[in-house]
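Descriptive analysis of the structure
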Amino acid sequence: MTQEHSRQTESEEHAAPSEKNSAVSHDPDTAVARASLPGPEATANGVTEKLFQASSKVGLALPAVLLAAQVWYGFVGTALYSPLEAEYILLYKQLSTSGQWLVTSFGDSAYWPVFVWFLAGLAKVLAHFAVPQNLLFPAAAALSTFLVLCGVYSLSRAAGFGAQAALAACLILLCSPFFALLSHALTADALGAALLLCSLACFCNGLQKERAWIALPLAFALAALAGLTGGGFYALLPLLTSLIFLVWTGTFRHRHAPDVLFGFALFLLCVAVWLGCLILFTHSDTYVQSLCNTLLIFPLRPPAHWWLSFAFTGVGLLPWLMLVLCVSWNRVLLSAVRDLKASRGERAGSSFVWIALGIGYGLSLIAPESTGKVDFFPICLAALLLGKALLNLSKLGIRIFCALLALCLLCAGSALIAAGFDVSLNYMTNFLPFPITYELRDSIGALTSLPIFGAIFLVAALVFMTFRQSGPGGTLLVCALLAIALAQPAMLRLAPELRKTIVSLKPADAVTLPQSVAPAQNDEPADKDESAGKDEPANPVPPFTPTPVVPETEPAPTPPFALPETDSATPSAPIP
C-alpha cells in the first residue's frame, strides 16, 4: 500500500505540471504574461526577442524613434500636397490673415475648427522656441501621427493587453502601408482619430472602476473635441461604445453615477460654448448650416460604396491579416465559451475594443459623407487585436507567418523589377483586370529606381527568413526595422521621381507649394506690391478658387507663407 501510494503521488506530481501548462497555454493573457518572464524559451528566441521585451519597458520610446525615421524627409524636401491638404493650407492662410478663427470656412466649404486651431497653436509654439516656420506643416502631420500612436498605446494598456501587446500594436501600425503616407498628410483625420482613441482609452479605464472623477470627464471632453475635429461620427462612437459596453457587462446602472453625469454635462458644455461663441461673436448662419449638412445622415439603404471601410482596412493591414491563417483555431474554438464569459468580467477591456470596432464599421454604413474619415479609425483598433494575436502565436504559427511574409516580399520585389523594364511591363499589363493608359505606363517607365527597390525587397525577404526562429516579439521588431530601412531609399530616390511624375501626369490634382512659410522674397519694390494688392486680388492656386480678401482702407498684413502665382494653363512644378 505504501509503494502504491508513493507511485500515485509521483504520478500526480508529474501530471500536475502538464495540466497546469495546458491550462496556461489555453489562456491567451497568461501566455503573454509567461512570455514576458525570463526563461529558457526567452533565451532561445534570440537577441531580437530580448530587444523587444526591453523596448516594451520604456513605453513609446521605440515607436517615436521609428516614426522620426519615417518623417524626417518631409522636413528637408519640397512637399507635394493633395487638393484636400492644399485646402487646409489656404484655409490657414486666410484665417491667419483675417483673424476670424471661429468661422473656419474656405470659399463654399466649411471645416470643423479644432484642426485649424491646432495648426495655429503649433505655430505659436514654434515661434516661441524660435523654430523656423517652414516646419509648421510637416510638424503638424508628424505630431498628429504620434498622437495616434499615443492613443493606440493608451487604449491597449487600458484594455489590459499589457505593455508588450501595446508596443506590438504600435509597431504593426508603423509597418502598415498607409501609416507612412499618413505621417506626411496634412489632414484632420489623424488628429481626430488620436482624440477618439484617447477618449476610448479613458472610457475603458473609467467604466471598469466604481468612481472615476478624472478619467470619465476627460473622456467626454475628448469626445467633444474629437467631434469638433472630424464631425458627428467621432463624437458619437465613444458614447455608443460606452453605452453598449455597460449593457454587455451588466453595469448599466453606472450611467446614473455622478461622475458619468458630470462628464456628459462637460461634453454638452464644450459644444454649447463653441456654438455660443459663434452666435455671439460672428454672423455664421451659413457656416453652421454647412456643418450640419456634413453630420450623420441615416439613409434607408447602405450607400453605394459601403464596402470601402472594409476594403481600406484590408489593404492598410495587408501583411498582418495573414495572422488569421496562422492562429491555432482549435485552441480558439475550445476556449471560446470561457473567453466569452470572461469578457463580461476580468477581460472586459477586450470586449470594449471589439464593441468599438463593430460600432465603427456600423456607423460607416450610415455616414456616407464621412467615408475618408471613417476608413482610418478601424485600422487602429484592428492593430490592437492583431498585436495581441501575434504575441499568442505558437512557434509553428510564427514560422508559417514568416514564410508567408517572405513570399509576399519576394513577389513584390519581382514585380518591381519587372515594372522597371518596358518588355516585362507590357507583359504584366496583360494580366491586370483593369486597363492602363499610355500616360500611366510612361510615368511608371520614368521611375528608374523601381529595379533598385525590387532588389532591396528581395534582400529583405532573405533577411527576414533568417529570423524565422525568433519569437513573436522579435519577428515583429525585425518587420519594423525592415519597414524603416525600406522607407529611407524610398524617400531619397523614389520620392523626387514620383513628384515629377505626378505633377506632369495630373497637374490639376497635384499642387506643389513652397515649404517656406516666411514672407515672400519679391524682387519688385514693396510700394508696387501694396498698390497691386489694392487693385486686384492675388491669383489663386489652380484648381482652387477661393474668395479673395480685399482690404477696404489699408492692405492686409503679409500672410505667414506665400503661394506661388501660377497660370491655370501651366502645370505646377516643384519649387526647390
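See above for the structure.
Counting restarts for each chain: residues are numbered from 1 in the order of the written sequence. Reporting of local features is limited, given that this is a predicted model, to residues whose pLDDT is at least 70; pairs of side-chain atoms are given and counted only at 80 or more, and all residues count toward the totals for whole chains, interfaces and linings. Neither water nor hydrogens contribute to the side-chain values; these are computed over all heavy atoms in the structure.

Before going further, it helps to examine the overall build of the protein chain. To qualify as a helix, a DSSP run of H or I must reach at least 4 residues; to qualify as a strand, a run of E must reach at least 2; elements of each kind are numbered from the N terminus. Broken down by element type, the protein chain carries 28 helices and four strands. Considering the protein chain as a whole, with its 576 residues, one finds that 44% of them fall into the buried category. Long-range contacts, defined here as pairs at least 24 residues apart, represent 81% of the contacts in the protein chain between residues at least 6 apart. Only protein chains enter the calculation, and the probe is 1.4 Å; a residue is then buried if its accessible area is under 20% of its type maximum, exposed if over 50%, and partly exposed in between. Contacts between residues were defined by any pair of non-hydrogen atoms, one from each residue, lying within 4.5 Å.

Another point: the environment of Ile 355. Positionally, Ile 355 belongs in helix α20 (residues 348–365). Note on Ile 355: relative accessible area 15%, which makes it buried.

What follows deals with the packing of aromatic side chains. What describes a pair of aromatic rings is the distance from one ring centre to the other and the angle between the planes of the rings. For Phe, Tyr and Trp, rings pair up if their centres lie within 6.5 Å, where Trp contributes its six-membered ring, and each pair is then called stacked (planes under 30 degrees apart), edge-to-face (over 60) or tilted (otherwise). The final tally for this structure, using the stated rule, is 14 aromatic pairs. Ring centres 5.5 Å apart and planes at 85 degrees place the aromatic pair Phe 233 and Tyr 234 in the edge-to-face group. Like Tyr 234, Phe 233 is buried. Two thresholds decide whether a charge sits over a ring: the Lys NZ or Arg CZ must be within 6 Å of the ring centre and within 35 degrees of the ring normal. Taking the ring centre of Trp 248 as reference, the NZ or CZ of Arg 344 above it sits at 5.4 Å.

It is worth spelling out a nonpolar patch on the surface at this point. A patch consists of residues exposed above 30% relative accessible area that lack any salt bridge, with like charges linked at up to 9 Å and nonpolar side chains (Val, Leu, Ile, Met, Phe, Trp, Tyr) linked at up to 5 Å. A 1.4 Å probe and the Shrake-Rupley method give the accessible areas. Residues count as covered only by the protein chains that appear here. Salt bridges, as used here, are contacts in which a Lys or Arg side-chain nitrogen is within 4 Å of a carboxyl oxygen on Asp or Glu. Taken together, the side chains of Trp 72, Phe 75, Val 76 and Leu 492 present a nonpolar region at the surface, about 360 Å² in accessible area. If you trace the backbone, Leu 492 turns up in helix α27 (residues 472–505).

Bringing the packing of helix α6 (residues 83–98) against helix α7 (residues 114–128) into the picture now. How two helices pack is summed up by the angle between their axes together with the distance between the axes. Axis definition: a line fit to C-alpha positions, over the contact stretch in the case of helices; interaxial angles, taken between N-to-C directions, run 0 to 180 degrees. With their axes 11 Å apart at the nearest point, α6 and α7 run at an angle of 65 degrees to one another. As summarised for this structure, α6 and α7 are arranged roughly perpendicular, according to the angle between their axes. The hand of the α6/α7 crossing is right-handed. Residues Tyr 88, Leu 91, Tyr 92 and Leu 95 of α6 lie in contact with α7, whose contacting residues are Phe 115, Val 116, Leu 119, Ala 120 and Ala 123. Here roughly perpendicular refers to angles of 65 to 115 degrees, roughly parallel to angles under 35, roughly antiparallel to angles over 145, and oblique to all remaining angles. Handedness of a helix crossing follows the sense of rotation of the near helix relative to the far helix, less than a right angle counterclockwise being left-handed and clockwise being right-handed.

What the rule picks out here adds up to one salt bridge. One salt bridge in this structure joins Arg 347 and Asp 339, with 2.6 Å as the shortest N-O distance.

In summary, soluble globular proteins display a tendency toward joint burial of nonpolar side chains. The biggest cluster of nonpolar side chains holds 136 residues, and the ones touching the most others in it are Val 148, Val 152, Leu 155, Leu 171, Phe 179, Trp 320 and Leu 381. Setting aside residues up to four positions removed in sequence, Phe 179 forms contacts with Leu 67, Gln 70, Thr 145, Val 148, Leu 149, Leu 173 and Leu 174. Among the nonpolar cores identified, the runner-up in size contains six residues, and Leu 425, Leu 447, Phe 453 and Leu 494 belong to it. As used here, the term nonpolar core means buried Ala, Val, Leu, Ile, Met, Phe, Trp, Tyr and Cys residues forming a set that is joined through side-chain atoms within 4.5 Å.

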